[in-house]
Amino acid sequence: MVPAKSSPSDEQLVEATLAGDDAAFAELTRRHKSRVFGVAARFAHDAAELEDICQDVFVQAYFKLRQYRRDSPFGHWVLRITTYKCYDYLRRRRRGGTLLSMDAMHESGYEPSAPEAPAPHPDLERLHAALAQLSPKERLVITLLELEDRSVQEIAGLTGWSTGNVKVRAFRARAALRKLMEEQK
Amino acid sequence: MNDPARDPDARLNALFALARENRPDTSTPEFAFETRLLARLRARRETGSVWAMASWRLIPFFAACVVALTIWQAEIESDTTDDAAVAGLTNPVAADLWSN
């Protein structure tokens, strides 16, 4: 019987990447891209922005790999970069004034395969439209807490905020979202 | 008893649950992502190395600029010193001071 070839661990792939092996980094990317895409898709408003966010995440991971301390799993470290990048995109979008309504999103070449693609439920469209009107911090915390089902501790670890801060922001975000949903009626 | 249909918090929770179930499909954008990423990394490294090479090649030019500036500065300073000495001789007050 041929023994099953064990695949290298993330740690080994990180070491190989640092030694200049691009194939090792491609393998790391392949392993973790789904989680990164999953989170980023909650924030990106089209497929192009999703691609940009995810590329930025892995480019930063590649060039900052020497700063990765092995005190947490590689996947968690990449997810932390993803959170920062998503927040960065939300802030930039808000500054650029590209706060799009659902109609405007459809008109501006909104792709069916994109995240937040035409929601299967009309109420979900209303939810996404309301989420888009929240401040970047509010949107980040409510998305991670309620849509990604992360715990307060996890969010604190991902954002660098204290758990108390996360709770307060989540409470305010929820109140703001409830108000927006009421106004939409 | 609160009617869940009228309770805004319950409605919001139901919407969140619905959104959790309806995860965005990212299979299309994920396709061949590693290939695109490696191409971008390669391009960025090449751009970085071009800049690094250009900056190394520009070192003699900048060094020559620094030498030229130093010489120019020294000449200006010597001219200023000569002018000050001449001014001191022609200025009566300064000339008195000079003679004392």
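In this text, all values refer to a predicted model and were calculated from it rather than measured experimentally. (Residues numbered from 1 in each chain as written. Chains lettered and ligands numbered in written order. Predicted model: local features only at pLDDT ≥ 70, side-chain atom pairs only at ≥ 80, totals over all residues.)

Draft legend 1. Focus on the overall build of chain B. When you go through chain B residue by residue, the secondary structure sums to five helices and zero strands. Shown N-terminal to C-terminal, the secondary structure of chain B runs as helices and strands in the order α-α-α-α-α. The proportion of buried residues among the 100 residues of chain B is 6%. (Helix = DSSP H or I, 4+ residues; strand = E, 2+ residues; numbered from the N terminus. Buried ≥ 20, exposed ≤ 12 C-beta atoms within 10 Å, placed from the backbone.)

Draft legend 2. The arrangement of the overall build of chain A in detail. For chain A, the helix and strand inventory stands at nine helices and zero strands. The order of helices and strands in chain A, counted from the N terminus, is α-α-α-α-α-α-α-α-α. Of all 185 residues assigned to chain A, the portion counted as buried reaches 31%.

Draft legend 3. Inspection of the interface of chain A and chain B at higher detail. Counting residues at the interface gives 34 residues for chain A and 22 residues for chain B. Of the residues belonging to the side of chain A that touches chain B, the class tally is 18 nonpolar, six polar and 10 charged. (Contact = placed C-beta atoms within 7 Å. Nonpolar A, V, L, I, M, F, W, Y, C, P; charged D, E, K, R; others polar.)

Draft legend 4. Looking closely at the domain arrangement of chain A. Residues and elements named next belong to chain A. The domains assigned to chain A are domain 1 (9-114) and domain 2 (119-185). Listed per partner, the contact involves 15 residues of domain 1 and 13 residues of domain 2. Partitioning the side of domain 1 that touches domain 2 into residue classes produces nine nonpolar, two polar and four charged. (Domains from an automatic or database assignment.)

Draft legend 5. Just the packing of helix H8 (residues 152-159) of chain A against helix H9 (residues 163-184) of chain A, in detail. All names here are of chain A. Contact pair H8 / H9: the axes reach a minimum separation of 9 Å and the direction vectors enclose 105°. Relative to H9, the element H8 is oriented roughly perpendicular. Packed against H8, whose contacting residues are Val152, Gln153, Ile155 and Ala156, the element H9 presents Thr163, Val166 and Lys167 at the interface. (Axes fitted to C-alpha atoms, helices over the stretch in contact; angles between N-to-C directions. Parallel < 35°, antiparallel > 145°, perpendicular 65-115°, else oblique.)

Draft legend 6. Summary view of the nonpolar core. Residue and element names in this part refer to chain A. Core analysis: the largest hydrophobic core is formed by 40 residues, its most contacted members being Ala40, Leu50, Ile53, Cys54, Cys86 and Val141. Both of domain 1 (9-114) and domain 2 (119-185) provide at least three residues apiece to this core. In this structure, Cys86 is in contact with Val39, Ala40, Phe43, Ile53 and Leu140, ignoring residues within four places of it in sequence. (Core = buried A, V, L, I, M, F, W, Y, C linked by C-beta atoms within 7 Å.)

Draft legend 7. Summary view of helix H4 (residues 74-96) of chain A. Residues and elements named next belong to chain A. Here H4 is 23 residues long and its end C-alpha atoms lie 33 Å apart, about the 33 Å a rise of 1.5 Å per residue gives. Within the sequence span of H4, burial applies to Trp77, Val78, Leu79, Thr82, Thr83, Lys85, Cys86, Tyr89 and Leu90. Those residues of H4 that are buried lie in contact with helix H2 (22-40), helix H3 (47-63), helix H7 (136-147) and H8. (Expected span 1.5 Å × (residues − 1).)

Draft legend 8. Molecular detail of unusual backbone geometry. For Asp149 of chain A, which is not glycine, the phi torsion reads 60° and is therefore positive. With respect to the secondary-structure elements, Asp149 of chain A resides in the loop between H7 and H8. Owing to 11 C-beta atoms within 10 Å, Asp149 of chain A belongs among the exposed residues under this scheme. One non-glycine residue, Ala32 of chain B, adopts positive backbone phi at about 60°. Exposure remark for Ala32 of chain B: the 8 C-beta atoms within 10 Å place this residue in the exposed category.

Draft legend 9. Representation of the confidence of the model for chain A within the structure. In this model, chain A carries an average pLDDT of 86, and 84% of its residues clear a pLDDT of 70 or more. Confidence over residues 99-116 of chain A falls short of pLDDT 50; this stretch has 33 contacts with residues more than four positions distant or in other chains. (pLDDT = per-residue confidence, 0-100.)

Draft legend 10. Quick look at the packing of H2 of chain A against H4 of chain A. All names here are of chain A. Remark: H2 packs on H4, axes separated minimally by 10 Å, with the N-to-C direction vectors making an angle of 40°. As far as their axial angle goes, H4 and H2 are oblique. The chirality of how H2 crosses H4 is right-handed. Where H2 approaches H4, its residues Leu28, His32, Arg35, Val36, Val39 and Ala40 are matched on the opposing element by Phe74, Gly75, Val78, Leu79, Thr82 and Cys86. The residue inventory of the contact of H2 with H4, partitioned by class, reads eight nonpolar, three polar and one charged. (Left-handed = near helix turned anticlockwise from the far one by under 90°.)

Draft legend 11. Structural context of the environment of Val78 of chain A. All names here are of chain A. On the secondary structure map, Val78 appears in helix H4. Each C-alpha atom of the pair Val78 and Ala156 lies 15 Å from the other, and the pair is 78 residues apart in sequence. Once you skip the residues sitting within four places of it in the chain, Val78 turns out to touch His32, Val36, Val57 and Ala61.

Draft legend 12. Looking closely at the confidence of the model for chain B. Residue and element names in this part refer to chain B. Residue-level pLDDT values for chain B average 80, and 73% of them are 70 or greater. Predicted confidence in chain B is weakest over helix H5 (residues 92-99), with a mean pLDDT of 55, and strongest over helix H2 (residues 27-30), with 92. Interface predicted TM-score (ipTM) for the complex: 0.76; the corresponding pTM is 0.73.

Draft legend 13. Structural detail: the environment of Asp123 of chain A. Residue position: Asp123 of chain A is located in helix H6 (residues 122-131). Expressed as a C-alpha distance, the spacing of Asp123 of chain A and Val14 of chain A, which sit 109 residues apart in the sequence, is 43 Å. In contact with Asp123 of chain A, not counting residues within four places along its chain, are Leu15 and Leu18 of chain B.

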